[in-house]
Amino acid sequence: MDLWIVSVFLDGSGDPLKSGNPLAVFPEPAELSKDAMQAIARTLNLSETTFVVSARDDTYRMRIFTPLEELGFAGHPTLGTAWTLRRMGRVRGDELTQETGVGPTPVRFVGDDLWLRRRGTVASDLEGSDPGIAARLARALGTKPE
């Protein structure tokens with residue numbers, strides 16, 4: 001399987017080893033079980049590893065794993081995987097749709113920048129571990145908890 005290691009959120013220094021957040025991307029559809037994906041992510045030990053399940057035209061489906069669990073969505077894997085697939089020519093266009101277990105996420109290319117838009121609420125496992133976190137995050141972000 002092909003493996004790409006990309007650096008997301010570079011600071012403009014031009015050196016991906018001095019800034020950014022590394023991401024492992026497996027861009028080719030693979031017949032891997034969830035357990036195999038989790039084991040690979042644990043072995044690589046990066047904050048996230050993505051596995052592209054399918055890619056066509058302007059849409060791709062992927063799964064995201066940390067070393068400990070599968071995630072329904074995360075921003076840095078969304079942007080890094082979109083960039084990788086477009087760079088490889090597996091998807092085309094400036095407007096892409098990423099599909100994960102929590103639904104579609106639009107990704108837009110504007111020059112060298114990538115943007116995503118996602119609506120939703122704080123994950124229930126996060127709220128369950130700290131019931132006041134939604135209110136504190138909302139205050140920090142200058143928005144409402146809902």
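See above for the structure.
Residues numbered from 1 in each chain as written. Predicted model: local features only at pLDDT ≥ 70, side-chain atom pairs only at ≥ 80, totals over all residues. Heavy atoms only, no water.

*Asks:* I keep staring at the packing of aromatic side chains and nothing clicks. Help me out?
*Replies:* In this description, an aromatic ring pair is defined by two values, namely the gap between the centres and the angle between the planes. Scanning the entire structure with this criterion turns up 2 aromatic pairs. Between Phe51 and Phe65, the aromatic rings sit 5.8 Å apart at their centres with planes inclined by 85°, giving edge-to-face as the arrangement. Residue Phe51 is found in strand β3 (residues 49-56), and its partner Phe65 is found in strand β4 (residues 59-65); the two are separated by 14 residues along the sequence. The class of Phe51 is buried, set by a relative accessible area of 3%. By the ring-pair criterion, three or more aromatic residues cluster together here, those being Phe26, Phe51 and Phe65. (Phe/Tyr/Trp six-rings, centres within 6.5 Å; stacked < 30°, edge-to-face > 60°. Helix = DSSP H or I, 4+ residues; strand = E, 2+ residues; numbered from the N terminus. Buried < 20%, exposed > 50% of the residue type's maximum accessible area, 1.4 Å probe, protein only.)

*Asks:* I tried to follow helix α1 (residues 34-44) on my own but got confused; where do I start?
*Replies:* Since one α-helical turn is 3.6 residues long, residues separated by three or four positions face the same way. For α1, the full list of buried residues reads Met37, Gln38 and Ala41. The arc that holds every buried residue of α1, seen down its axis, measures 100°, which confines them to one face. Turned more than 90 degrees from where α1 packs its buried face, Asp35 and Thr43 sit exposed. Buried positions along α1 lie against β3, β4 and β5 (70-71). Of the residues one or two after α1, Asn45 is the one with positive phi, at around 60°. (Arc of directions from axis to C-beta. Contact = heavy atoms within 4.5 Å.)

*Asks:* Where do I start with the environment of Trp83 in this structure?
*Replies:* Examined against the element boundaries, Trp83 turns out to sit in helix α2 (residues 75-88). Classification of Trp83 by relative accessible area gives partly exposed; the value is 33%. Sequence-wise, Trp83 and Leu114 are 31 residues apart; in three dimensions their C-alpha atoms are separated by 7.9 Å. Here Trp83 is in contact with Trp4, Val6, Phe109 and Leu114, once residues within four sequence places are set aside.

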